[in-house]
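Coordinates in review
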Amino acid sequence: GAGVSQTPSNKVTEKGKYVELRCDPISGHTALYWYRQSLGQGPEFLIYFQGTGAADDSGLPNDRFFAVRPEGSVSTLKIQRTERGDSAVYLCASRRDAGELFFGEGSRLTVL
Amino acid sequence: ELKVEQNPLFLSMQEGKNYTIYCNYSTTSDRLYWYRQDPGKSLESLFVLLSNGAVKQEGRLMASLDTKARLSTLHITAAVHDLSATYFCAVDPNIGAGGTSYGKLTFGQGTILTVHP
């Protein structure tokens, strides 16, 4: 597709469950980013990949959060033992070289 | 820790009026973005400002950057209802060798703009 694609668009889960969120970046974009946007707030940086490796994961809130990008394209954000405070919209973005970031529509996670 | 502050956070305008949204930030950076977000939607890039004194205009919106004052402004001219949305500024503070940015943006809280007839 032409833009950054994220699935699922909505995910409702129960506290304690495991969740995976997927991001398919724009073709040819080497850098991929995950941000989290809580209600009424601006997005907050979680992790950034350059190619297959995580170049900066300083925004991941704790060790329940993990992300991979095994082939340098699609990325998966994994959340273990979800908590109600994890409820947010998870945004993925990609870019080519040092250009501007293009954001996907986001995955809205609700933890009951 | 980089702080990015927008004001106002809420802005109610009448159609046809002008107003300015301010974005202050706390660290050295010469790369700043403005985004628009409609309810339930993702972020739409409006402007990328890459140097001190940069000014960009698109339709009724104009953005500027003063890196010495660590201030960016988004000016709205003759507002129309279609401009109602939330506007975010975002600063990229990581300028590596050769001026490369890492894209690790810090966003402001957002300004919720409502334009009334």
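Everything below is about the structure printed above this text.
Residues numbered from 1 in each chain as written. Chains lettered and ligands numbered in written order. Predicted model: local features only at pLDDT ≥ 70, side-chain atom pairs only at ≥ 80, totals over all residues. Heavy atoms only, no water.

1. Details of the overall build of chain A
Counting its regular elements, chain A contains zero helices and 11 strands. When its helices and strands are written in sequence order, chain A yields β-β-β-β-β-β-β-β-β-β-β. In terms of C-alpha radius of gyration, chain A reaches 13 Å, essentially the compact-globule figure of 13 Å for 112 residues. With respect to the principal axes defined by its C-alpha atoms, chain A has extents near 40 × 25 × 25 Å. Expressed as a percentage of the 112 residues in chain A, the buried residues total 44%. Per element, the accessible surface of chain A, about 5,400 Å² overall, is 46% carbon and sulfur. In chain A, 13 positive and 13 negative side-chain charges are present, and the distance between their average locations comes to 6 Å. (Helix = DSSP H or I, 4+ residues; strand = E, 2+ residues; numbered from the N terminus. Rg over C-alpha atoms; globule rule 2.2 N^0.38 Å. Buried < 20%, exposed > 50% of the residue type's maximum accessible area, 1.4 Å probe, protein only. Areas by Shrake-Rupley, 256 points an atom, 1.4 Å probe, with all protein chains shown as cover. Lys, Arg positive; Asp, Glu negative; His and termini not counted. Charge placed at Lys NZ, Arg CZ, Asp CG, Glu CD.)

2. So, the sheet that holds strand E8 (residues 71–76) of chain B
All names here are of chain B. With antiparallel pairing, the five strands of this open sheet are ordered in space as E1-E3-E8-E7-E6. Edge positions in the sheet fall to strand E1 (4–7) and strand E6 (55–58), since each has one partner strand and no second. The mean angle between the axes of side-by-side strands here comes to 15°, regardless of whether they run parallel or antiparallel. (Pairing = 2+ DSSP bridges. Axes fitted to C-alpha atoms, helices over the stretch in contact; angles between N-to-C directions.)

3. Looking at the pairing of strand E3 (residues 19–24) of chain A
Residues and elements named next belong to chain A. Residues Val19, Leu21 and Cys23 line the buried face of E3, whereas the alternating positions Glu20, Arg22 and Asp24 sit on a face that is not buried. One ladder, built from three bridges, connects strand E1 (residues 5–7) with E3; its direction is antiparallel. Opposite Thr7, over in E3, you have Arg22 as the bridge partner.

4. A closer look at the pattern of salt bridges
Scanning the entire structure with this criterion turns up four salt bridges over all chains. A salt bridge links A:Asp86 to A:Arg64, with the nearest nitrogen and oxygen atoms 2.8 Å apart. Taken as a pair, A:Asp86 in the loop between strand E8 (75–79) and strand E9 (88–95) and A:Arg64 in the loop between strand E6 (53–56) and strand E7 (65–68) lie far apart in primary sequence, 22 residues in all. Taking relative accessible area as the criterion, A:Asp86 reaches 3% and is therefore assigned buried. Between B:Asp38 and B:Arg36 there is a salt bridge, with the nearest N and O atoms lying 2.9 Å from each other. When its relative accessible area of 26% is taken as the criterion, B:Asp38 is described as partly exposed. (Salt bridge = Lys/Arg side-chain N within 4 Å of Asp/Glu carboxyl O.)

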